[in-house]
Amino acid sequence: MTSKKRYLWGAEDGSGDPIRRPLLHIIGYNVYDHDFSKAKDVTYNSDTLSSGNLVNNIRESYPAAIIVEYHFPGFEEK
């Protein structure tokens, strides 16, 4: 967790630039960037609460998965 070694995680949306960051950065900024224990709504194996510009094909891709969604209605930029 303390390693500063940068790993390739994929490509940035839009630019396609490689995402090269240490593990701790990915966890802190991409995986757990909000306190999910305080989510306004949480679903468990039900219809999704939010949508975006991507096709939601999680059920087709992972048919046996348990799907949990933590939904925040929005964030105020400070």
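Provided above is the structure to which this section pertains.
Since the structure is predicted, the reported quantities are computational estimates derived from the model, not experimental observations.

Turning our eyes to something else, we now look at the pairing of strand β2 (residues 18–21). Sheet faces and side chains relate simply in a regular strand, where the side chains alternate between the two faces. Of the pairings in the sheet, the one linking strand β1 (residues 7–11) to β2 comprises four bridges and is antiparallel in character. Directly across from Tyr7, in β2, lies its bridge partner Arg21. Here β1 folds back onto β2, and the loop between the two strands holds six residues, one of which, Gly14, carries a positive phi near 85°.

It is worth spelling out the pattern of salt bridges at this point. Scanning the entire structure with this criterion turns up two salt bridges. With a shortest N-O distance of 3.0 Å, Arg21 and Glu12 are connected by a salt bridge. Asp35 is paired through a salt bridge with Lys38; the nearest N and O atoms lie 3.8 Å apart.

Criteria and cut-off values
- Residues numbered from 1 in each chain as written.
- Predicted model: local features only at pLDDT ≥ 70, side-chain atom pairs only at ≥ 80, totals over all residues.
- Heavy atoms only, no water.
- Pairing = 2+ DSSP bridges.
- Helix = DSSP H or I, 4+ residues; strand = E, 2+ residues; numbered from the N terminus.
- Salt bridge = Lys/Arg side-chain N within 4 Å of Asp/Glu carboxyl O.

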